Each structure stands twice: as structure tokens, then as C-alpha cells.
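Structural overview for review
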Number of protein chains: 2
Amino acid sequence: MNKEIDSFTQHISQQFNEELESLRTRLLEMGGLVEKQVHDALTALIEADGKLAEHVRENDRVINDMERLIDADCMRILARRQPAASDLRLVVNISKIIVDLERIGDEASKIARRALQLIEEGQAPRGYVECRHIGYHVHKMVQQSLDSFARYDSQQALEVAREDKVVDREYKTAMREMVTYMMEDPRSISRVLNILWVLRSLERVGDHARNVGEHVIHMVEGTNVRHIGLTRMAEEVEKNLQEQNAGE
Amino acid sequence: MNKEIDSFTQHISQQFNEELESLRTRLLEMGGLVEKQVHDALTALIEADGKLAEHVRENDRVINDMERLIDADCMRILARRQPAASDLRLVVNISKIIVDLERIGDEASKIARRALQLIEEGQAPRGYVECRHIGYHVHKMVQQSLDSFARYDSQQALEVAREDKVVDREYKTAMREMVTYMMEDPRSISRVLNILWVLRSLERVGDHARNVGEHVIHMVEGTNVRHIGLTRMAEEVEKNLQEQNAGE
């Protein structure tokens, strides 16, 4: 009898593990698509590729659907499996990460819209170098945040938060330059404004990548590091790392 | 013996209800503060009240703390009580609503920052009427979304989503006007840009209020209405309403 119960429990627990694994895989799939959307939106902007921009706009629906489906699965697992401890943190943080990923997708779609507008109005006289530079940076942050999720690596997740500070500085400098251009050449205002919105979207992508990193830290370390600042965030990650090393 | 177990179960369930009730109350407290922040940020902008703007900036930390604390309680309840059905939906949606409320708080803080910058640089020649108008509108949406949460009223939550469409139109019109002003008077570019960012923040407040409404609908109706569009959203709410009426 005990053996039967054991095998039953094992069966359930194996099924549960498979469900969690599938959830993780699908989050990473969604993340891969979101990352590609950011990349494609930037390429569409810089190469004035209208077809690619349209493609990004259409793909946004796929990301929205992914968010809905993964979220529904999180709810189902919470209701049926009533996970505890680290499993619970995994599910809850996945349900939060997908919200940030979906928003990154939104920003990619907005960038694609600006790319289309610039194709229609004619290229902006300036700003593409800045977009490429900051775009490359935040795209890497998105990759890193997904990587930190895949590997349960809170050190890497912390890196993403650090990078966000750098992006914020780059963003402010670029914004000031754009304002100067507009004042020098008022006829370009409308076109440069499109670049301004792109820069803004890129900065938001960085913020959301940082959020993903924070959720990963919560998932791995069990500490909520939102709003506590970089220094304390680093302390939390470091502390847990030392405890782990001491325990080994 | 049965009686004892009954009383024990009743005790647990009463405690659980109290926990859920406290969660609801605290969400509404947080919502009240966020609503006030939006209101104060707008007043600071329109009346060029630097002291009030500083106050809004400082208060943002209180909102961040509230988010952290409520989120921690949601996690605790999920782990210890393992709620099911409508209780689960309540807890999960509260943990999502507070994210949107915190973001509304962020936008209020950004508006206050722009207000301070305008006080420093000198008032913008135009745009205050538009800010007041759209600001009034999104402030009402935040109120309504919180109201719909307090009353479990998915009809009212649906109204908020409808209002968001109107705000988006008002926002686009105002943006076009601001761009025209900038082209007519390039010396005002930097100041009018501050107004542009305020308008953008206000539009985002509307989006987040809409998100809150969507979470309320999910909480009340059990249907995830994110990304499905207004028409289908209305159908879902209507359908459930009819079923309720038929059941009475």
C-alpha cells in the first residue's frame, strides 16, 4: 500500500515538475520573441525598412497572446498544485516577468510605429547614432535578464540593474542633444520628436529589463529587492551568496 | 469532537477572511494615496507650487513601501492559506493591481519633477489647459477603477477601459497642438517639452487605470480580458451579468 502511495506521489510530483518546466520554457520562448522584436524594431528604424516595421507591429499580437496563455497556466498551477516555497516563488515571479516582457513588446511596437512615421515624413537629420547605441545596450540587458532567469543567476540579474543606471545617463545626454538640434533647426522638430519617442521607449525597455532582473532575484534569493536601491540590492545578493558558500 | 473541529475550522476561516479583508483595505489605502499624488502633482504644475511638487516627490517612497508590504502579504497568504477559486483570484489580482498603482505613483512623481523644472525655467507659453483637462479625466479614471475594486463592480471597471479610448484621442490632439506651438516659437521648445512629458505621463496614468479595471474584471468575472479589445471585453462582462440575472 505504502509503495502504491509512494508511486502515486512520485507521479504527481513528476507531473508537477513537468508543468513548471514547461512554464519556464514558454517564458523563455516569449522572451526570445520579445528580444527579437526589440532588435527588429531598431533595424527597421535605422535601415528605414517599412516592411520589417509592419512585421513588428503585427507580431505584437503574438506576444500578447503568449502573456495571456502563460498567465492562465500560472493561475491554474496556483489553484490546483498550491505550490509552496521556491515553487511558489517561481510561479508568482513568472506571472510578473511576463507582464514586463509584454510591455517591452509594446515599446518595440511603438518604435516600429515611429520608424514608419519617419519613413513617411522623411528621415530625421540626427539621432540615429544615439538610438543604435542605446538600443544595442538595452537589447543586451533584455538578453541578460532572460539569461539570468534561465540560469537562476542573481548575480547576473543584479548586473542588469546596474546597467540600467548607465542607460539612464546615456538617455539623458541623448535627450539634451536632441533638444539642441530642434532649437537649431525648428523645421526638423516633428521628425526629431519621433527620435525622442524612440529614445524614451528604449529607456523604458531598460527599466523593464531591470524589473525582470529584480523578479529573478526574488525568485532565486527569496528577497524582494524592488525599490531598495542598487547598494542594498547588491548587499542582499552578496549576503545570500556568502551563506551558500559557507553552507557548502 | 466534531463540534471542536467545526469551531477550529471556523476559526481558521474567520482569520483567513480577516486577512483578505485587511489586504483589500490596504490596497484601497494605497490607491487613495496614489490618487492624491496625481491630484497634487497636477495642482503643483498648474499653480507652479514648488513646495507641493517636492512633497509629491518625497511621498513616492511611501507608495513604493506600500507596494512591497502588500506584495509580501499576498505571497504569505498564497504560501500559508493556499486559497482557491475567487479567493485566489482576489489575492493574485491585488498583487497585480498594486504594480499598476505604483506605476501611477511614478508618473505623478515625474509630473512633479516637470513642474519643478518649469518653475526653474519659467512657465511654458501654452499647454496648461490641456494638462488640466486630461489630468482631470485620468484622475477620475483612477478613482473609478478603485471604486470598481471596492464594489466588485465589473461594469464600472469596463467604463474605465472605455474612458481610456477617449483620453487617447484627447492626448493625440493635445500633442499635435504642442508640436505646432514649438514650431511657431522655437525659443519655447525646452519649456513646451516639459508639458509634452506631462501629457505623456497623464496618458500613461490612464493606461494603468485601465489595467486596474481589467484586473478587477478578472477578479470579479474570472475572465482574463487583457488584450482582447473593448467589444469582446464588454461582451464578457455582459454575458456574466445575464447569467447572474438568469440565476436569480
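Residues numbered from 1 in each chain as written. Chains lettered and ligands numbered in written order. Predicted model: local features only at pLDDT ≥ 70, side-chain atom pairs only at ≥ 80, totals over all residues. Heavy atoms only, no water.

1. With respect to the side chain of B:Asp100
Tracing the backbone shows B:Asp100 in helix H3 (residues 85–121). In contact with B:Asp100, other than residues within four places in its own chain, are A:Arg103, B:His208, B:Asn211, B:Val212 and B:His215. (Helix = DSSP H or I, 4+ residues; strand = E, 2+ residues; numbered from the N terminus. Contact = heavy atoms within 4.5 Å.)

2. Brief notes about empty space enclosed by the protein
Throughout the structure, instances matching the rule amount to six cavities of 30 Å³ or more. In this structure, the largest cavity occupies an estimated 250 Å³ of space. Contributing to the lining of the largest cavity are 22 residues, with A:Ser95, A:Val99, B:Lys96, B:Asp100 and B:His215 lying nearest its centre. The calculated volume of the second largest cavity comes to roughly 100 Å³. Lining of the second largest cavity is provided by 16 residues; of these, A:Leu78, A:Val92, A:Ser95, B:Val92 and B:Ser95 occupy positions nearest its centre. Residues belonging to the lining of the second largest cavity are distributed by class as follows: ten nonpolar, two polar and four charged. (1 Å grid on protein atoms, 1.4 Å probe; cavity = no way out; pocket = protein on both sides within 12 Å on 5 of 7 lines; lining within 4 Å. Points joined across faces, edges and corners; volume = space filled by probe spheres on them. Nonpolar A, V, L, I, M, F, W, Y, C, P; charged D, E, K, R; others polar.)

3. Re the UniProt feature "domain: PhoU" (unreviewed entry) in chain A
The residues that UniProt annotates with the feature "domain: PhoU" (unreviewed entry) are residues 27–114 and 133–215 of chain A. Between the C-alpha atoms that bound residues 27–114 of chain A there is a distance of 28 Å. The span itself is 93% helix and 0% strand. (UniProt positions renumbered as here; feature names shortened; annotations may be inferred.)

4. A look at the relation of the copies chain A and chain B
If you rotate chain A by 180° and push it 0.0 Å along the axis, it lands on chain B with an RMSD of 0.0 Å. The relationship between the two copies is best expressed as a two-fold rotation axis. Looking at chain A, 100% of its interface residues are interface residues in chain B too, so the copies touch through the same face. (Least-squares fit on C-alpha atoms with pLDDT ≥ 70 in both.)

5. Some details on unusual backbone geometry
Residue and element names in this part refer to chain A. Positive phi, close to 50°, is recorded for Ala48, a residue that is not glycine. By the secondary structure assignment, Ala48 is in the loop between helix H1 (2–46) and helix H2 (50–81). Its relative accessible area of 34% is what places Ala48 among the partly exposed residues. The phi dihedral of Ala85 falls on the positive side, at around 45°, and the residue is not glycine. Among the secondary structure elements, Ala85 is positioned in helix H3 (residues 85–121). (Buried < 20%, exposed > 50% of the residue type's maximum accessible area, 1.4 Å probe, protein only.)

6. Some thoughts on the interface of chain A and chain B
When the parts of a complex come together, some accessible area is lost, and that lost area is often taken as the interface size. Across the boundary between the two partners, chain A contributes 39 residues, which contact 39 residues of chain B. Linking chain A with chain B are eight salt bridges. A salt bridge links A:Asp100 to B:Arg103; the nearest nitrogen and oxygen atoms lie 3.8 Å apart. Our count for the chain A to chain B interface comes out at 13 residue pairs in polar contact (both at pLDDT 80 or more). Looking at the side of chain A that touches chain B, the elements with two or more residues in it are H2, H3, helix H5 (154–184) and helix H6 (189–221) of chain A. The dominant element in the side of chain A that touches chain B, judged by the number of residues it contributes, is H6(A), at ten residues. Here the residues of the side of chain A that touches chain B are counted per class, giving 18 nonpolar, nine polar and twelve charged. (Salt bridge = Lys/Arg side-chain N within 4 Å of Asp/Glu carboxyl O. Polar contact = N/O pair within 3.5 Å; in protein donor to acceptor, adjacent residues only side chain to side chain.)

7. Here's the deal with a positive patch on the surface
A grouping of A:Arg57, A:Arg113, B:Lys165, B:Arg169, B:Lys172 and B:Arg176 is seen on the molecular surface, where their side chains present a positively charged patch. Summarising the element assignment, B:Arg169 is placed in helix H5 (residues 154–184). Owing to a relative accessible area of 55%, B:Arg169 belongs among the exposed residues under this scheme. (Patch = residues over 30% accessible without salt bridge, like charges linked within 9 Å, V, L, I, M, F, W, Y side chains within 5 Å. Areas by Shrake-Rupley, 256 points an atom, 1.4 Å probe, with all protein chains shown as cover. Lys, Arg positive; Asp, Glu negative; His and termini not counted. Charge placed at Lys NZ, Arg CZ, Asp CG, Glu CD.)

8. Points about the packing of aromatic side chains
Applying the stated criterion across every chain, the model contains one aromatic pair over all chains. On the basis of an interplanar angle of 80° and a centroid distance of 5.1 Å, the ring pair of A:Trp197 and B:Trp197 is categorised as edge-to-face. In this pair, A:Trp197 is assigned in helix H6 and B:Trp197 in helix H6 (residues 189–221), connecting two distinct chains. (Phe/Tyr/Trp six-rings, centres within 6.5 Å; stacked < 30°, edge-to-face > 60°.)

9. Overview of the packing of H3(A) against H6(A)
All names here are of chain A. Interaxial distance between H3 and H6 falls to 9 Å at its minimum, and their mutual angle equals 170°. For the element pair H3 / H6, the angle class is roughly antiparallel. Grouping the constituent residues of the contact of H3 with H6 by class yields 16 nonpolar, nine polar and eleven charged. (Axes fitted to C-alpha atoms, helices over the stretch in contact; angles between N-to-C directions. Parallel < 35°, antiparallel > 145°, perpendicular 65-115°, else oblique.)

10. A word on the state of the cysteines
As enumerated under the stated definition, the model contains zero disulfides over all chains in all. Of all cysteine sulfurs, the one in A:Cys74 lies closest to B:Cys74, which takes part in no disulfide; the gap is 15 Å. Residue B:Cys74 is classed as buried on the basis of its relative accessible area of 2%. (Disulfide = S-S within 2.5 Å.)

11. Some points on the environment of A:Arg210
Residues and elements named next belong to chain A. Relative to the elements of secondary structure, Arg210 occurs in helix H6. Residue class for Arg210 comes out buried when judged on its relative accessible area of 16%. Put simply, Arg210 and Gln143 are 67 residues apart on the chain and 11 Å apart in space, counted from C-alpha to C-alpha. The contacts of Arg210, once residues within four sequence positions are left out, are Met141, Val160, Ala161, Asp164 and Met233.

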